[in-house]
Amino acid sequence: MKKYLKNILAATMVLSMATALAACGSAPADNKEDANADGAENSGKQTLTLATSADFPPYEFYEGGEIVGIDAEVAKAIADKLGYEFKIEDMIFDAVIPAIVSGKADIGMAGLTITEERQQSVDFTDSYATGVQSVIVKEDSDIKSVDDLLAEGANHKVGVQTTTTGDFFTTDDIEKAGKGTVERYNKGADAIEALKVGKVDCVVIDNEPAKAFVAANEGLKILDTQYASEDYAIALGKNSELTAEINQALKELKEDGTIKGIVDKYIKAE
Ligand code: ARG
């Protein structure tokens, strides 16, 4: 586990520097003021804008044209508690951290794992959930465990969502180690489609989305052995004054059972 973690550190460092640089070009004015100024009804409240990638059930996904899920509801609960209007900006996952860095959004929640590399460009709140990288295969796959992917002489095609921790882990431990190739997709669902048609041999993705994708698609299963565990948190701009108030709100929402209620609504105990 240590080794994987060290590996992501190196990989994500390069990436987060690249995204930070990419984001430097366009730094809009303070988003909260902006959103308020052109908001439809003028409540006089500032707006808290959430950047997310609504392709990741049960954390964020579309239901009847509306973005729902654990992150969407926790963010809304935080905004309500702190007295902000609330707005969601949906984007590809790869754009979430740059949106925070550039100030396009105030907070990022996207089942976002705390990594040291990301911490170079954004701050994170306290963690509100945990995730585990899981491996999805076809039911008749000859890949039986994570060890099969990491074995000497292994040569598999692994599907991931681009710039996720699943991408970073497998890039280091499989692609760079000469044990296979990594195919990167904008969405986890696209990686799943590639698995179904045999373009990749497995998909590495967080456990709860993995369960949702397997439940929604015939003929797939999740391997028993897991890849790496992670903490999810909310990303904010470096040294944002919002971090302390959001941590306080999170603490209260944990203590009064709101977060547990939201999680239980979306993740049924097995
Ligand atoms: N936990 C992983 C990461 O932080 C994957 C998150 C993907 N989230 C999403 N909304 N697609 O890299």
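As the structure is a prediction and not an experimental result, all values here were calculated from the model. (Residues numbered from 1 in each chain as written. Predicted model: local features only at pLDDT ≥ 70, side-chain atom pairs only at ≥ 80, totals over all residues. Heavy atoms only, no water.)

Once that is clear, we can look at the nonpolar core. Grouped together as the largest cluster of nonpolar side chains are 42 residues, with contacts concentrated most on V74, I78, I107, I136, V203 and I234. Per element, the largest residue contribution to this core is six residues, and it comes from helix α3 (residues 70-82). Leaving out residues up to four positions away in the same chain, I107 has contacts with L48, T49, L50, A51, A75, I100, I234, A235, L236 and I246. (Core = buried A, V, L, I, M, F, W, Y, C linked by side-chain atoms within 4.5 Å. Buried < 20%, exposed > 50% of the residue type's maximum accessible area, 1.4 Å probe, protein only. Helix = DSSP H or I, 4+ residues; strand = E, 2+ residues; numbered from the N terminus. Contact = heavy atoms within 4.5 Å.)

What follows deals with the site of the ligand. Around the ligand, the structure places 16 residues, and the nearest of them are A110, G111, T113, R118 and D206. Within the contact set of the ligand, a nitrogen atom lies 2.6 Å away from a backbone nitrogen or oxygen of A110. Bound to the protein, the ligand loses 100% of the 350 Å² it would expose on its own. Most atoms of the ligand, that is more than half of them, are within 2 Å of grid points of the second largest cavity. Partitioning the shell around the ligand into residue classes produces five nonpolar, six polar and five charged. (Near = heavy atom within 4 Å. Polar contact = N/O pair within 3.5 Å; in protein donor to acceptor, adjacent residues only side chain to side chain. Areas by Shrake-Rupley, 256 points an atom, 1.4 Å probe, with all protein chains shown as cover. 1 Å grid on protein atoms, 1.4 Å probe; cavity = no way out; pocket = protein on both sides within 12 Å on 5 of 7 lines; lining within 4 Å. Sits in = over half its atoms within 2 Å of the grid points. Nonpolar A, V, L, I, M, F, W, Y, C, P; charged D, E, K, R; others polar.)

For the pair α3 and helix α9 (residues 242-255), interaxial distance at closest approach is 10 Å and the crossing angle is 110°. The orientation of α3 relative to α9 falls into the category roughly perpendicular. Taken together, the residues of α9 that come into contact with α3 (itself represented by V74, A77, I78, K81 and L82) are E245, I246, A249, L250, E252 and L253. A breakdown of the residues in the contact of α3 with α9 according to their chemical character gives eight nonpolar, no polar and three charged. (Axes fitted to C-alpha atoms, helices over the stretch in contact; angles between N-to-C directions. Parallel < 35°, antiparallel > 145°, perpendicular 65-115°, else oblique.)

What follows deals with the packing of α3 against helix α10 (residues 258-266). Relative orientation of the contacting elements α3 and α10 amounts to 155°, with a least axis distance of 9 Å. Relative to α10, the element α3 lies roughly antiparallel. The two elements α3 and α10 meet at a crossing, and its hand is right-handed. Along its contact with α3, which presents I70, E73, V74 and A77, the element α10 presents T258, I259, I262, V263, K265 and Y266. Of the residues belonging to the contact of α3 with α10, the class tally is seven nonpolar, one polar and two charged. (Left-handed = near helix turned anticlockwise from the far one by under 90°.)

A complete count under the given rule lists two cavities of 30 Å³ or more for this structure. In this structure, the second largest cavity encloses a volume near 70 Å³. Taken together, F56, F93, A110, G111, L112, T113, R118, Q161, T164, T165 and D206 make up the full set of residues lining the second largest cavity. Considered class by class, the residues forming the lining of the second largest cavity number four nonpolar, five polar and two charged. (Points joined across faces, edges and corners; volume = space filled by probe spheres on them.)

Of all the 17 residues making up strand β6 (residues 122-138), 13 are buried; the element is thus mostly covered by neighbouring parts of the structure. Here β6 runs beside strand β11 (residues 228-237); their pairing, made up of nine bridges, is antiparallel. Looking at the pairing, V122 lines up with G237 of β11. Pairing analysis gives four bridges linking β6 to strand β9 (residues 202-206), with the strands arranged antiparallel. Residue S134 lies in a different strand from β9, and its bridge partner there is I205. (Pairing = 2+ DSSP bridges.)

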